[in-house]
Amino acid sequence: MPDCIFCDIIAGTAPSRQVYADDDVIAFLDIRPVKRGHTLVVPRNHSRGLTDLAPGDGEKVFAAGQRVGVAMRDALDADGVNLVVNDGRAAMQTVFHTHLHVIPRHRGDKLSFAKSLVVRRDPNPDETAERLRRALKG
Ligand code: 5GP
Ligand code: ZN
């Protein structure tokens, strides 16, 4: 297995703020969120990207992303959600373990979204994670 930070997070040897887990995927807060609550859904099986991702794992990742996205409406008052996969360096993939970004959006957030693309920081990620965990349990 290549050196992989997401495999380390899955194995529990690297820290993360986990918000959801099942037998096939885990979801945790992005360490540099473009919006508060920005979450990554990651299949437990390692693959680099769409080329070697098992289609069944893709289905499970999307299903979990859907759950997390819906929970953001409750937990973070999101009005919308972006689900994004960056596949390949040309698409700005930087971590080569397939993952789905789940990004909450709010009406009229265009300007603050552009700003947070640069700042990428949540002042209270523990509280954000707890809110999402609670909404995902309910
Ligand atoms: P990509 O550009 O590959 O689609 O996105 C990778 C994402 O992983 C980035 O948004 C980056 O902030 C996030 N990331 C990189 N390393 C870590 C880490 O160690 N922990 C967490 N939680 N997120 C990470
Ligand atoms: Zn991996």
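Preceding this section is the structure that the text describes.
If you're wondering where the values come from, they're calculated on a predicted model, not measured in any experiment.

As for the sheet that holds strand 3 (residues 39-43)
What the five strands build is an open sheet, ordered 1-2-3-5-4; its pairing is antiparallel. With partners counted over all chains shown, the strands left at the sheet margins are strand 1 (18-21) and strand 4 (80-84), one partner each. Strand-to-strand, the axes of this sheet are offset by a mean angle of 20 degrees, without reference to chain direction. Alignment of strand 4 against strand 5 (residues 100-105), held across five bridges, turns out to be antiparallel. Following the sheet pairing, Val81 is matched in strand 5 by Pro104. In the packing of helix 2 (residues 55-75) onto the sheet, contacts are made with strand 1, strand 2 (25-29), strand 3, strand 4 and strand 5, and the angle to strand 5 comes to roughly 15 degrees.

Quick notes on the site of ligand 1
Neighbouring ligand 1 are 17 residues; Asp30, Met92, Thr94, His99 and His101 lie closest to it. The side chain of Asn86 places a nitrogen or oxygen atom 2.9 Å from an oxygen atom of ligand 1. A distance of 2.9 Å is found between an oxygen atom of ligand 1 and a backbone nitrogen or oxygen belonging to Val95. The cavity where ligand 1 resides is the largest pocket. Listed by contribution, the elements that provide at least two residues to the shell around ligand 1 are helix 1 (5-11) and strand 2. With three residues, helix 1 is the largest single contributor of residues to the shell around ligand 1. When the residues that make up the shell around ligand 1 are grouped by side-chain class, the tally is nine nonpolar, five polar and three charged.

Thoughts on the coordination of the zinc ion (ligand 2)
For the zinc ion (ligand 2), every protein donor is listed as Cys4 (SG), Cys7 (SG), His46 (ND1) and His97 (ND1), and the spread of their distances is 2.0 to 2.3 Å. Each of the four donor atoms bound to the zinc ion (ligand 2) contributes to angles spanning 103 to 116 degrees, and the resulting shape is tetrahedral. Along the chain, the residues that donate to the zinc ion (ligand 2) are spaced as C-x2-C-x38-H-x50-H. Cys4 gets classed as buried once you look at its relative accessible area, which sits at 8%.

Reading the values: rules and limits
- Residues numbered from 1 in each chain as written.
- Chains lettered and ligands numbered in written order.
- Predicted model: local features only at pLDDT ≥ 70, side-chain atom pairs only at ≥ 80, totals over all residues.
- Heavy atoms only, no water.
- Pairing = 2+ DSSP bridges.
- Helix = DSSP H or I, 4+ residues; strand = E, 2+ residues; numbered from the N terminus.
- Axes fitted to C-alpha atoms, helices over the stretch in contact; angles between N-to-C directions.
- Contact = heavy atoms within 4.5 Å.
- Near = heavy atom within 4 Å.
- Polar contact = N/O pair within 3.5 Å; in protein donor to acceptor, adjacent residues only side chain to side chain.
- 1 Å grid on protein atoms, 1.4 Å probe; cavity = no way out; pocket = protein on both sides within 12 Å on 5 of 7 lines; lining within 4 Å.
- Sits in = over half its atoms within 2 Å of the grid points.
- Nonpolar A, V, L, I, M, F, W, Y, C, P; charged D, E, K, R; others polar.
- Donors = N, O, S within 2.8 Å, 3.2 Å for Na, K, Ca; no water.
- Tetrahedral: all angles 85-135°; square planar, octahedral: opposite > 155°, others 65-115°.
- Buried < 20%, exposed > 50% of the residue type's maximum accessible area, 1.4 Å probe, protein only.

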